[in-house]
2 protein chains.
Amino acid sequence: MNERLARLRRALESLEVKDDRATLAAYGRDESGAGEFLPALVVFPRTSSEVQAVMRACSTHDVPVTPVGARSGKSGGALPVRGGVSLSLERLDRILEVRPADLIATVQPGVILETFQKAVEEVGLFYPPDPNSAAVCTLGGNVAENAGGPRALKYGVTRDYVLGLEWVLPSGELLKVGRRTLKGVAGYDLVGLFVGSEGTLGVATEITLKLLPRPPAVMTALLAYPSVVEAADAVSQVLMGGGLPRCLELLDDVAIAAVSGRGIDFPSGCGACLIVEVDGPSEEFALAELDRVSRLAASRGAALGPGIVAMDRDQRERLWAIRRLVSESLRAIKGFKFSEDVVVPRSRMAEAIARFKGVGHDLGLLVATYGHAGDGNLHTNVLYGGEHERPLVDRALEAIMRITVDLGGTITGEHGVGLTKRQFLSIEQQKAVIDWQRRLKVFVDPQVILNPGKMFPED
Amino acid sequence: MNERLARLRRALESLEVKDDRATLAAYGRDESGAGEFLPALVVFPRTSSEVQAVMRACSTHDVPVTPVGARSGKSGGALPVRGGVSLSLERLDRILEVRPADLIATVQPGVILETFQKAVEEVGLFYPPDPNSAAVCTLGGNVAENAGGPRALKYGVTRDYVLGLEWVLPSGELLKVGRRTLKGVAGYDLVGLFVGSEGTLGVATEITLKLLPRPPAVMTALLAYPSVVEAADAVSQVLMGGGLPRCLELLDDVAIAAVSGRGIDFPSGCGACLIVEVDGPSEEFALAELDRVSRLAASRGAALGPGIVAMDRDQRERLWAIRRLVSESLRAIKGFKFSEDVVVPRSRMAEAIARFKGVGHDLGLLVATYGHAGDGNLHTNVLYGGEHERPLVDRALEAIMRITVDLGGTITGEHGVGLTKRQFLSIEQQKAVIDWQRRLKVFVDPQVILNPGKMFPED
């Protein structure tokens, strides 16, 4: 490897390459908490052709290469588990074009999601995907992981907005796939195949995104319930009542306890809450719709009081701040946590949450659930006190995955399989399906140099 | 071939197989008007395992096999251009499950779209894709072609509703891909790859579909304009004004002339019209929204009069009947037509329509355009009087494709490439992209027995 790396290093000498200890340490970790995996080099290309050059050099010298965005991923997708090169897309950070009349934009992969959202909102447009990490995560990372977020309920996930890609294959070959129009079916849906491929089938160097007109009015409220059973039932009532809120977020009792006293007074007896957000073409519409949705959400008489309605942008921000604080506040309880990302059929949500809690109870671990209840996408968190509890945590995680699949669900809604969930994939998918995907990976990447050690179970 | 067919026929003797002249003639044609291509046999499996058996037998005996639904496709995707077996999915026609609480359904591929739409509407649900052929086309065909329709503007196309597939590969192997939940990113998006693969990568034997709650209220109106320039501008005004109608359909002057006197009185001077449809959670909302949208559509003062608002279901039906009559009425003008399906960026729509008309003018052919203006998806029709004009028609079609790509568009929005557009694919896509797709096809189907002669240009 050292010999090969030295030759690779010489091949990349015209590019920005770092291998100081601090850089390697920084690129050896991400938000998954899966541990440290140091790359040998970090390369920072500035153009599509430099990305092609890196891929070609890694192919020629047979060195593993792992694409990396903001390292905010939760499944370890950007960790260079086999060493080699970390290919950072950070320098490709330009918004190339926003075309309001056609409702499309073209960006480089290193653009920060929030920067892009603000840029399009300034011209009256709207880019819906909104993972919690919006302030730091990159659009390239969003494409790799097919990122979601609360607004996915009404507006879908990243793949619903990617129209076209400039895509560098592991060989270094560059393909322009997809289109710049809102519809199109010419040839195979390679965009569909590449979005969510977790950096294992190639790297996006340009992304053409669909935009929407910015909804003129948004209204948000928080509704309280005695327990997740009533809250989950309220979700069903709302969704069966027609219309579609843009967000329906759930916090369970542990999550509420973790954030109480941080800006919202939860009613007494509150064991679960929903954050409901609607949007529409006018203030009147949004208010009427919020009222209609809130009535549906209280229709079985289980809601505690009338709920808290955000009357302006500040109050809305305060409700969402609570939602964003959940993850860190839960971590603070015991010092460590693993955040899961399962999806169950909506009718099984209350049952799933109860069974996850039961897993924690049996193992002596605290389990909290919050997340995108409208989609059935639950961020179940296992809280723990340190490495000594990791074996228990691993048992809890596996039990959660088995329950999820047993209820007809999937092991990952938006975080990806990556490193942390690859051993669980076979709980969900047939061996034939996993084998066929492995063969597809080898078809695209015959040397298996691109992001190796991810997505599929170890042999 | 005859020897191989005889052996294949023996291998299939436990299945329903037909080779009488009338059946072969029926399965040798479709709605593309691309001509007659007779299969040697038509096989009608009744279960997934029978589909597997057909595929295995065709692999073993190296006989081409072409999957077929209702033969309502417009690009010749179901025509057995190399003879062999037509694999009809018609007998797999059961709705297996509708789960209102989870907003999903599972169907077999031979279910007629309209039958399915009515079945889910009866329980308060909604399946949005609505190609013009809804009364005859099958869900399997919709999956193969990634069918769209007018409601795609707000609700997206078939691929946006397919969550999971039971999929038979050309080898006969059966994969269960995707999921039964609303979100999910475990593994590669094989559903994304398979939907729209035009029967060249395998056959769906079960389809799990996402549903929506049925919008309680729908309102429709027809707005008239002096020409497509004003109508296209109105489309932009509406879409930039926030909110999203579910349909924004355009008819140009030739299309209007073709359907005038068939139930709607178009205002005098009307050279283009838009059919606008909105939906929402209540009658009041829908009416207010239709009013808002109509104002936007008239905001540049170009609309002719206040428009025709459908006040009830019957009147709405009458407006849509006009839209559905366009295709046949245009054919009646000269006896023959080719219906195209291009998409251009919305800002170039008026220019595209004018240039398409110019192509007709230069060649002495009548060209009419109608279609899904909200998406920029234009069904441009070249009308002609018989085979003697085909060389001119072919020149017109190629010119229309070149103009489309020149404007940043795509050669097919929802009909597929199939047989009729395969020679045009290289106008739109790089050689490298086409070559890579050909290799992907061979990876999935090494013998190239599944629907050969489609999608890619002849060598």
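Notes on the structure follow. All residue numbers refer to positions counted from 1 along the written sequence of the respective chain. To read the labels, note that chains go from A and ligands from 1, taken in the order they are written. Residues qualify for local features only when their pLDDT is at least 70, as the model is predicted, and side-chain atom pairs are given and counted only at 80 or more; totals for whole chains, interfaces and linings, by contrast, use all residues. Calculated side-chain values reflect all of the structure's heavy atoms, with hydrogen atoms and water omitted.

Here we take up the nonpolar core. Generally speaking, soluble globular proteins have nonpolar side chains that are buried together. In this text, buried Ala, Val, Leu, Ile, Met, Phe, Trp, Tyr and Cys residues form a nonpolar core when linked through side-chain atoms within 4.5 Å. Exposure classes here rest on a 1.4 Å probe applied to the protein chains alone. A residue is buried below 20% of its type maximum, exposed above 50%, and partly exposed in between. Membership of the largest hydrophobic core comes to 188 residues, with the highest contact counts inside it found for Phe116 and Leu165 of chain A together with Phe116, Leu165 and Phe194 of chain B. It only takes one pair of heavy atoms within 4.5 Å for two residues to be counted as in contact. When neighbours within four sequence positions are excluded, Phe116 of chain A is seen to be in contact with Ile95, Ala105, Val107, Val111, Tyr127, Leu139, Leu209 and Leu211 of chain A.

Now for the packing of helix α8 (residues 228–240) of chain B against helix α12 (residues 349–363) of chain B. Residue and element names in this part refer to chain B. Axis lines are fitted to C-alpha atoms, over the contacting stretch for helices. Their N-to-C directions set the angle, which ranges from 0 to 180 degrees. Helical segments are the DSSP runs of H or I of at least four residues, strand segments are the runs of E of at least two, and each set is numbered from the N terminus. Remark: α8 packs on α12, axes separated minimally by 8 Å, with the N-to-C direction vectors making an angle of 155 degrees. With respect to their mutual orientation, α8 and α12 come out roughly antiparallel. Once α8 is placed against α12, the crossing between them reads as right-handed. Here Val228, Val229, Ala232 and Val235 of α8 come into contact with α12, specifically with Met349, Ala350 and Ile353. A per-class count over the contact of α8 with α12 returns 7 nonpolar, no polar and no charged. Roughly parallel means an angle under 35 degrees; roughly antiparallel, over 145; roughly perpendicular, 65 to 115; everything else is oblique. Crossings are assigned a handedness: left-handed for a near helix turned anticlockwise from the far helix by less than a right angle, right-handed for a clockwise turn. Note that Gly is not counted as nonpolar here; it falls among the polar residues with everything else outside the nonpolar set of Ala, Val, Leu, Ile, Met, Phe, Trp, Tyr, Cys and Pro and the charged set of Asp, Glu, Lys and Arg.

Bringing the sheet that holds strand β5 (residues 95–99) of chain B into the picture now. Residue and element names in this part refer to chain B. Should DSSP find at least two bridges between two strands, the strands are regarded as paired. On the basis of which strands lie adjacent, the open sheet formed by 5 strands has the order β5-β6-β10-β8-β9 and antiparallel pairing. In this open sheet, the two edge strands, each paired with only one partner strand, are β5 and β9 (174–178). Averaged over all neighbouring strand pairs, the angle between strand axes comes to 10 degrees, with direction disregarded. Across 4 bridges, strand β6 (residues 104–107) lies against strand β10 (residues 203–210) in antiparallel orientation. Bridging across to β10, Ala105 finds its partner in Leu209. Lying on the sheet, helix α4 (residues 113–122) is in contact with β5, β6 and β10; it crosses β5 at an angle near 30 degrees.

Here the copies were fitted onto each other by least squares, based on C-alpha atoms from residues at pLDDT of at least 70 in both. Rotating chain B by 180 degrees about the axis while translating it 0.0 Å along that axis superimposes it on chain A, leaving an RMSD of 0.0 Å. Those values place the two copies in the arrangement expected of a two-fold rotation axis. Using C-alpha coordinates, one finds that chain B approaches the rotation axis most closely at Gly192 of chain B, a distance of 2.4 Å. A symmetric contact is evident, with 100% of the interface residues of chain B recurring at the interface of chain A.

Turning our eyes to something else, we now look at the interface of chain B and chain A. A common measure of how large an interface is: the accessible area buried when the components associate. Taken together, the contacts link 84 residues of chain B with 84 residues of chain A. By buried area we mean the combined loss of accessible area, with a 1.4 Å probe, across both parts when two parts are placed together. Summed over both sides, the interface between chain B and chain A buries roughly 6300 Å², with carbon and sulfur atoms accounting for 65% of that surface. Considering only the side of chain B, the residues that lose the most area to chain A are Lys183, Tyr188 and Trp436 of chain B, jointly responsible for 16% of the buried surface there. Notably, a salt bridge pairs Glu414 of chain B with Lys183 of chain A, separated by 2.7 Å at the nearest N-O pair. Under this definition, polar contacts are N or O atom pairs within 3.5 Å; protein pairs additionally need one hydrogen-donor-capable and one acceptor-capable atom, and for neighbouring residues in sequence, both atoms have to be side-chain atoms. At the junction of chain B and chain A, the tally comes to 20 residue pairs in polar contact (both at pLDDT 80 or more). Where the side of chain B that touches chain A is concerned, the elements lending two or more residues are β9, α7 (190–194), α8, α10 (283–297), α14 (425–428) and α15 (431–444) of chain B. The element best represented in the side of chain B that touches chain A is α15 of chain B, accounting for 9 residues. Residues of the side of chain B that touches chain A, tallied by class, amount to 38 nonpolar, 26 polar and 20 charged. A pairing counts as a salt bridge when a side-chain nitrogen of Lys or Arg comes within 4 Å of a carboxyl oxygen of Asp or Glu.

On to the sheet that holds strand β4 (residues 85–88) of chain B, then. To summarise the sheet geometry, strands pair through backbone hydrogen bonds and adopt either a parallel or an antiparallel arrangement. Residues and elements named next belong to chain B. Pairing is mixed across the open sheet formed by 4 strands, whose spatial order is β1-β2-β4-β3. The open sheet has two edge strands with one neighbour each: β1 (17–18) and β3 (65–68). Pairing between β3 and β4: 4 bridges, direction parallel. Across the sheet, residue Thr66 finds its bridge partner in β4, namely Ser86. Helix α3 (residues 48–61) contacts β2 (41–43), β3 and β4 of the sheet and is inclined by roughly 165 degrees relative to β4.

What follows deals with the pattern of salt bridges. Residues and elements named next belong to chain A. Counting across every chain of the model gives 69 salt bridges over all chains. Measuring nitrogen to oxygen at the nearest pair gives 2.9 Å for the salt bridge that ties Glu16 to Arg46. With Glu16 in the loop between α1 (2–11) and β1 (17–18) and Arg46 in the loop between β2 (41–43) and α3 (48–61), this pair connects stretches of sequence that are 30 residues apart. Its relative accessible area of 22% is what places Glu16 among the partly exposed residues. Since its relative accessible area comes to 48%, Arg46 is described here as partly exposed. Residues participating in the shared-partner salt-bridge network are Lys154, Arg246, Glu277, Asp279 and Arg316.

In this section: unusual backbone geometry. The general pattern is negative phi for most residues beyond glycine and trans for most peptide bonds. Notably, Asn451 of chain A is not glycine yet its phi reads approximately 45 degrees, a positive angle. Its place among the elements puts Asn451 of chain A in the segment after α15 (431–444).

Below, the discussion takes up the packing of aromatic side chains. All names here are of chain A. For this analysis, a ring pair means two rings from Phe, Tyr or Trp (six-membered ring only for Trp) whose centres lie within 6.5 Å, classed as stacked if their planes differ by under 30 degrees, edge-to-face if by over 60, and tilted for the remaining angles. A complete count under the given rule lists 22 aromatic pairs over all chains for this structure. Arranged with centres 5.8 Å apart and planes meeting at 75 degrees, the rings of Tyr127 and Tyr161 form a pair that is edge-to-face. With Tyr127 in the loop between β7 (125–126) and α5 (139–145) and Tyr161 in the loop between α6 (152–155) and β8 (162–168), this pair connects stretches of sequence that are 34 residues apart. Here the two residues Tyr127 and Tyr161 agree in accessibility, since each one is buried. In this scheme, the term charge over a ring applies when either NZ of a lysine or CZ of an arginine sits within 6 Å of the ring centre and within 35 degrees of the ring normal. The positively charged end of Lys18 is found above the aromatic ring belonging to Phe44, 5.2 Å away from the centroid.

We now examine the packing of α12 of chain B against helix α13 (residues 390–406) of chain B. All names here are of chain B. At their nearest, the axes of α12 and α13 sit 10 Å apart, and the two run at 155 degrees to each other. Classified by the angle between their axes, α12 and α13 sit roughly antiparallel to one another. In this structure, the crossing between α12 and α13 has a hand that is right-handed. For the pair formed by α12 and α13, the contact residues are Arg355, Phe356, Val359 and Leu363 on the first element and Leu392, Arg395, Ala396, Ala399, Ile400, Ile403, Thr404 and Asp406 on the second. Residue composition of the contact of α12 with α13, by class: 8 nonpolar, 1 polar and 3 charged.

Okay, the pairing of strand β9 (residues 174–178) of chain A next. Two elements, β8 of chain A and β9 of chain A, share 5 bridges in a ladder whose sense is antiparallel. Bridging across to β9 of chain A, Gly164 of chain A finds its partner in Gly178 of chain A.

Take the environment of Leu366 of chain B next. Residues and elements named next belong to chain B. The topology assignment puts Leu366 in strand β18 (residues 366–372). As for Leu366 and Tyr384, which are separated by 18 residues in sequence, their C-alpha atoms are 7.3 Å apart. Contact partners of Leu366, with chain neighbours within four places excluded, come to Val254, Ile333, Lys334, Asn381, Val382 and Leu383.

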